[in-house]
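Examination of the molecular architecture
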Amino acid sequence: MNVFQSAFSGEYPEFPKISASKEEIMLIAEFIFMLLILYAGSRYGGIGLGLVSGIGLAVEVFVLRMPPGTPPVDVMLIIIAVVGCASVLEAAGGLKFMLQIAEKILRRHPRGITFLGPLVTYTLSLMLGTGHAVYTIMPIIGDIALKNRIRPERPMAASSVDSQIALTASPISAVTACYLGRDVLSIPGLENLSLMNIMIVTLPATLLGVLAMSVYSTFRGKELDDDPEFHERMKNPDFRAMINATSQTTLNEQLPFGARLSVVMFLISIVTILIIAAFPAVRTIGEGAKPISMGVIIQMIMLAFGAVVMIVSKTPASAVPKGVVFKSGMTACVAIFGIAWMSNTYFNYAMPSFENAVKGMVTQYPWTFAFALFAVSVVVNSQAATAKIMLPVAVALGLPPHTVIGLMPATYAYFFIPNYPSDIATVNFDMSGTTRIGKWYFNHSFMIPGLIGTFVACFVGLVIARLTL
């Protein structure tokens, strides 16, 4: 009897019943609780996100009776070491020197700002292992675009996204260090994974993502002179005077003696890390011993060169914690501490029950793991925290090695909700008002560049990883 016949006869067909055990229902409820904690923490941002996650952790352990997971100590130590070295670089004037070089390039080729602006922020993040240097260069990108009547949204939105997507290709970023940790090295086929293996995949993948974003950005929105909202703003004499004011610049600033030297030393530290990564024998101490983890190597080299830069440039130690890099880096450290510990506690507890249910889909369609990375990143606002949460899941599900590494760029998805500090700052830096958070909140300037960059980087990453791993 079909549905229509049963409707007239008063009889109804029996549909398959979806049943779940009490244990599974409880695990789903606990997962929703964890997401609510992450959402509540995101309302405070930064350190608040980590501290609020501590409430969730305490409830998981003492109320829900989950054994406490492992805190992300290795990632936190890497962040502290890298931030310490980069903070010395900033205090010594080296970061300002790098920004002056970047500004000279941008002002020399103003018509190419839509391509050069994103490439500059990408390169800075690649070298520093953090995207927070964008705050100083972003006003300059906006000023150059505005003075040349190029819609500032085009280079500025892409530059903000690029400053974050570059981190999966940086040799000293926390997210890269996560992929060199015990979780990934326990995956069959990745036992000998090195920093160079990762960069061979992520560097070209993210770079092509950057270029794809720039191509799209070249054609996005109306030309500035044809934008009715900009014309309306120009009727205000105060706004017109602000637009036509003297350009913002870092080129007139006098730098301390050790600024150039500190940059040279910092670059040497990165090269040193890459050399040690390329030659495992250098970090193999003792007969029959395994090579020292690259996470440990990054910590040692960054601490050592931070001290060298401070001594050679004669930078006062008291000046190091006062910069933007130190404050943002330590904030990220506390945030990751709480987020990753709480999430690790839940997934260690729940994975044995969920493993069989999820394994079939992910085994058949491994690329669907990208959606899981993407969703977690949107919530936690951190690539390193996303990696710490989801890599144990990847191990438990038995994902193919090339999938785990190829999908690294999917750990960046916090452009989706425009509440990340660099995105908010970019909106405020754009005096033309073209870079914006839309009326419907999700129709903001960073959405399409972020989706393009992440999709292209993941697609290219999967292809390269399949060929090289």
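Worth saying up front: this structure is predicted, and the values here are computed from it rather than measured.

1. Notes on the overall build of the protein
Across its full length, the protein holds 21 helices and 0 strands. Taking 23 Å as the expected radius of gyration for a compact globule of 469 residues, we find that the protein reaches 24 Å, a close match to that expectation. Projecting the C-alpha coordinates of the protein onto the three principal axes gives extents of approximately 80 × 70 × 45 Å. Here the protein, with 469 residues, has 51% of them falling under the buried criterion. Of the contacts made within the protein by residues no fewer than 6 positions apart, 81% connect residues no fewer than 24 positions apart. Within the structure as shown, the protein displays about 21600 Å² of accessible surface, and the carbon and sulfur contribution to it stands at 68%. Distance from the positive charge centre (30 side chains) to the negative charge centre (26 side chains) of the protein: 8 Å.

2. So, the packing of helix 11 (residues 195-218) against helix 14 (residues 259-278)
The N-to-C vectors of helix 11 and helix 14 enclose an angle of 110 degrees; their axes lie 8 Å apart at closest approach. As far as their axial angle goes, helix 14 and helix 11 are roughly perpendicular. Counted together, Leu-195, Met-196 and Met-199 of helix 11 and Ile-273, Leu-274, Ala-277 and Ala-278 of helix 14 form the full contact between these two elements. Across the contact of helix 11 with helix 14, the residue classes tally to 7 nonpolar, no polar and no charged.

3. Quick word on the packing of helix 14 against helix 15 (residues 294-312)
The geometry of helix 14 relative to helix 15 is characterised by a closest axis approach of 10 Å and an angle of 160 degrees between their N-to-C directions. The orientation of helix 14 with respect to helix 15, classified from their angle, is roughly antiparallel. Classified by chirality, the crossing of helix 15 by helix 14 is right-handed. Contact with helix 14, carried on its side by Leu-261, Ser-262, Met-265, Phe-266, Ile-268, Ser-269, Thr-272, Ile-273, Ile-276 and Ala-277, involves Met-294, Ile-297, Ile-298, Ile-301, Met-302, Phe-305, Val-308, Val-309 and Val-312 of helix 15 and no other residues of that element.

4. A word on the pattern of salt bridges
Enumeration over the complete set of coordinates arrives at 10 salt bridges. Among the ionic pairs, Glu-253 bridges to Lys-96, the shortest N-O distance being 3.6 Å. Here Glu-253, found in the loop between helix 13 (237-243) and helix 14, pairs with Lys-96, found in helix 5 (residues 94-108); they are 157 residues apart in sequence, far enough to count as distant.

5. Here we look at the packing of aromatic side chains
On inspection of all chains with the given rule, the structure shows 12 aromatic pairs. Arranged with centres 5.8 Å apart and planes meeting at 80 degrees, the rings of Phe-374 and Phe-416 form a pair that is edge-to-face. In this pair, Phe-374 is assigned in helix 17 (residues 369-380) and Phe-416 in the loop between helix 19 (401-406) and helix 20 (421-429), connecting sequence segments 42 residues apart. Measuring from centroid to centroid gives 6.4 Å for Phe-455 and Phe-459, while their planes differ by 15 degrees, and the two rings are stacked. Linking Phe-455 with Phe-459, this pair stays in helix 21 (residues 447-468), spanning 4 residues, or about one helical turn. Each member of the pair, Phe-455 as well as Phe-459, is classed as exposed. Joined through ring pairs, the aromatic side chains of Phe-374, Tyr-412, Tyr-414, Phe-415, Phe-416, Tyr-420 and Phe-442 make up one cluster.

6. Quick word on the confidence of the model for the protein
Atomic detail in the predicted coordinates should be set aside for any region of low pLDDT. With 93% of its residues at a pLDDT of 70 or more, the protein shows a mean pLDDT of 85. Note that residues 1-10 has pLDDT below 50 and, in this model, 7 contacts with residues that lie over four places away or in other chains. Every residue in residues 12-19 scores below 50 in pLDDT, and together they form 3 contacts with partners more than four places removed in sequence or on other chains.

7. Digging into a nonpolar patch on the surface
A cluster of nonpolar side chains, contributed by Phe-115, Leu-207, Leu-208, Leu-211, Val-215 and Phe-219, occupies part of the molecular surface with about 530 Å² of accessible area. Positionally, Val-215 belongs in helix 11.

Cut-off values and rules
Counting from 1, residues in each chain are numbered in the order their sequence is written. Totals for whole chains, interfaces and linings use all residues, but because this is a predicted model, local features are given only for residues with pLDDT of at least 70 and pairs of side-chain atoms are given and counted only at 80 or more. Only hydrogens and water are set aside when side-chain values are computed; all heavy atoms of the structure are taken into account. Counting from the N terminus, the helices are DSSP H or I runs at least four residues long and the strands are E runs at least two residues long. Computation of the radius of gyration draws on C-alpha atoms alone. For the globule rule, the value is 2.2 Å times the number of residues to the power 0.38. Each residue's exposure class comes from its accessible area (1.4 Å probe, protein chains only) as a fraction of the maximum for that residue type: buried when under 20%, exposed when over 50%, partly exposed otherwise. Contact definition: two residues touch when any of their heavy atoms are within 4.5 Å. The method behind every accessible area is Shrake-Rupley, applied with a 1.4 Å probe, and residues are considered shielded solely by the protein chains displayed. Under this rule, positive means Lys or Arg and negative means Asp or Glu; His and the chain ends count for nothing. Just so you know, the charge point we use is NZ for Lys, CZ for Arg, CG for Asp and CD for Glu. In this description, a line fitted to the C-alpha atoms serves as the axis of each element, helices being fitted only across the stretch in contact, and the angle between N-to-C directions of two axes falls anywhere from 0 to 180 degrees. Comment on the angle field: the value is read as roughly parallel under 35 degrees, roughly antiparallel over 145, roughly perpendicular from 65 to 115, and oblique elsewhere. In this classification, Asp, Glu, Lys and Arg are treated as charged, Ala, Val, Leu, Ile, Met, Phe, Trp, Tyr, Cys and Pro as nonpolar, and every other residue, Gly included, as polar. Two helices that cross are described as forming a left-handed crossing if the nearer one is turned anticlockwise from the farther one by less than a right angle, and a right-handed crossing if clockwise. When a carboxyl oxygen of Asp or Glu lies within 4 Å of a side-chain nitrogen of Lys or Arg, that pair is called a salt bridge. Two rings from Phe, Tyr or Trp (for Trp, the six-membered ring) form a pair when their centres are within 6.5 Å of each other. A pair whose planes differ by under 30 degrees is stacked, one over 60 is edge-to-face, and the rest are tilted. The predictor rates its confidence in each residue with pLDDT, a number between 0 and 100. Like charges within 9 Å and nonpolar side chains (Val, Leu, Ile, Met, Phe, Trp, Tyr) within 5 Å are joined into patches, using only residues over 30% in relative accessible area that form no salt bridge.

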